[in-house]
Amino acid sequence: MNYFQKDCEYNNIVNHVLKNPKFLEINNCRHHGITRLEHSFRVSYFSYKITKKLRLDYKNTAVAALLHDFFTNDQFSKKELRLSAFRHPKKCLENASEFFSLSDMQKDIIYSHMFPLIPRPPRYLESWIVSMVDKVVAAYEFTLSYYKLYFSKIENMAAIAMLILVRF
Ligand SMILES: [Fe+2]
Ligand SMILES: [Fe+2]
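Just so you know, these numbers come straight off a predicted model, no measurement behind them.

**Student:** Let's hear about the overall build of the protein chain: which residues, and what values?
**Tutor:** When you go through the protein chain residue by residue, the secondary structure sums to 8 helices and 2 strands. When the helices and strands of the protein chain are placed in sequence order, the string is α-α-β-β-α-α-α-α-α-α. Reported as C-alpha extents along the three principal axes, the dimensions of the protein chain are approximately 70 × 40 × 30 Å. Long-range pairs, those at least 24 residues apart, make up 58% of the contacts in the protein chain between residues at least 6 apart in sequence.

**Student:** For the packing of helix α3 (residues 36-53) against helix α4 (residues 58-66), give the residues involved together with the corresponding values.
**Tutor:** Direction vectors running N to C along α3 and α4 enclose 165 degrees, while the axes themselves pass 8 Å from each other. Here α3 lies roughly antiparallel to α4, going by the angle between them. Note that α3 runs across α4; the crossing there is right-handed. Across from Ser40, Phe41, Val43, Ser44, Ser47, Tyr48, Thr51 and Lys52 in α3, the residues of α4 making contact are Tyr58, Thr61, Ala62, Ala65 and Leu66. Residues of the contact of α3 with α4, tallied by class, amount to 7 nonpolar, 5 polar and 1 charged.

**Student:** Can you break down the packing of helix α6 (residues 84-99) against helix α7 (residues 104-112) residue by residue, with the values?
**Tutor:** The axes of two packed helices give the description: the angle between them and the distance between them. The geometry of α6 relative to α7 is characterised by a closest axis approach of 7 Å and an angle of 145 degrees between their N-to-C directions. On α7, the residues touching Pro89, Lys90, Cys92, Leu93 and Ala96 of α6 are Lys107, Ile110 and Tyr111. Its residues placed into classes, the contact of α6 with α7 shows 6 nonpolar, no polar and 2 charged.

**Student:** How would you sum up the environment of Ala65? Please name residues and give values.
**Tutor:** Note that Ala65 resides in helix α4. The exposure class assigned to Ala65 is buried, which follows from the 32 C-beta atoms found within 10 Å. Considered as a pair, Ala65 and Asn15 are 50 residues apart in the sequence and their alpha carbons are 13 Å apart. Aside from chain neighbours lying at most four places away, what touches Ala65 is Val43, Ser44, Ser47, Ile109 and Val130.

**Student:** Can you break down unusual backbone geometry residue by residue, with the values?
**Tutor:** Along the chain, Phe115 connects to Pro116 via a cis peptide bond; the corresponding omega equals 15 degrees. Counting through the fold element by element, Pro116 comes out in the loop between α7 and α8 (125-167). Even without being a glycine, His32 presents a positive backbone phi close to 55 degrees. Locating His32 in the fold gives a position in the loop between β1 (30-31) and β2 (34-35). Owing to 19 C-beta atoms within 10 Å, His32 belongs among the partly exposed residues under this scheme. Notably, Arg55 is not glycine yet its phi reads approximately 55 degrees, a positive angle. With respect to the helices and strands, Arg55 occurs in the loop between α3 and α4.

**Student:** Describe α6, and please don't skip the residues or the numbers.
**Tutor:** End to end, α6 covers 21 Å across 16 residues, agreeing with the expected 22 Å (1.5 Å per residue, within 8%). Residues of α6 that are buried: His88, Pro89, Cys92, Leu93, Asn95 and Ala96. The elements touched by buried residues of α6 are α7.

**Student:** Talk me through α7; I want residue IDs and the actual numbers.
**Tutor:** Considered for burial, the residues of α7 that qualify are Gln106, Asp108, Ile109, Ile110, Tyr111 and Ser112. Check the buried side of α7 and you find it contacts α4, α6 and α8.

**Student:** I'd like a description of the nonpolar core, backed by residues and values.
**Tutor:** Core analysis: the largest hydrophobic core is formed by 30 residues, its most contacted members being Ala62, Leu66, Leu67 and Ile110. Elements represented by at least two residues in this core include exactly α1 (8-18), α3, α4, α6, α7 and α8. Filtering out sequence-adjacent residues up to four positions away, Ala62 remains in contact with Tyr10, Ile13, Val14, Ser44, Ser47 and Tyr48.

Conventions and cut-offs
- Residues numbered from 1 in each chain as written.
- Chains lettered and ligands numbered in written order.
- Predicted model: local features only at pLDDT ≥ 70, side-chain atom pairs only at ≥ 80, totals over all residues.
- Helix = DSSP H or I, 4+ residues; strand = E, 2+ residues; numbered from the N terminus.
- Contact = placed C-beta atoms within 7 Å.
- Axes fitted to C-alpha atoms, helices over the stretch in contact; angles between N-to-C directions.
- Parallel < 35°, antiparallel > 145°, perpendicular 65-115°, else oblique.
- Left-handed = near helix turned anticlockwise from the far one by under 90°.
- Nonpolar A, V, L, I, M, F, W, Y, C, P; charged D, E, K, R; others polar.
- Buried ≥ 20, exposed ≤ 12 C-beta atoms within 10 Å, placed from the backbone.
- Expected span 1.5 Å × (residues − 1).
- Core = buried A, V, L, I, M, F, W, Y, C linked by C-beta atoms within 7 Å.

Keep in mind these values describe shape, not function.
Listed below in structure tokens is the structure:
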């Protein structure tokens, strides 16, 4: 069980999002070496904890942060996917608006989370927090995935070296 699954209040806040089958499709998409759903949970949960501590609108923040990367890879062509860092916020906002009723602040959180890659800065403190949490979480996930890749290569090389040594 993950740390966010143990938090009853958090789970009650985001529960309605997790019942949406279209949203759950992001669990099939790779994102920073993990699934897009795992990444979204991480961003949502840390944004929830920070905004709650700061007595901000943590409930709407938790939901919008969970929806901030609500897109599936088949919604972009291969060429577009390479530029998805610039384009996905608009698509995520379209997807989230189609299935959920969002406040202006939630729309802003989703649309502006890639600032400064998209030119419009966040308009709410909650949006700034989600945007920063997303960057920190992404850096952590990238580092972890490269670390795993690097060490799996070393492990493979060590296994091959052992096999060669055993043969001689
Ligand atoms: Fe994103
Ligand atoms: Fe993200």
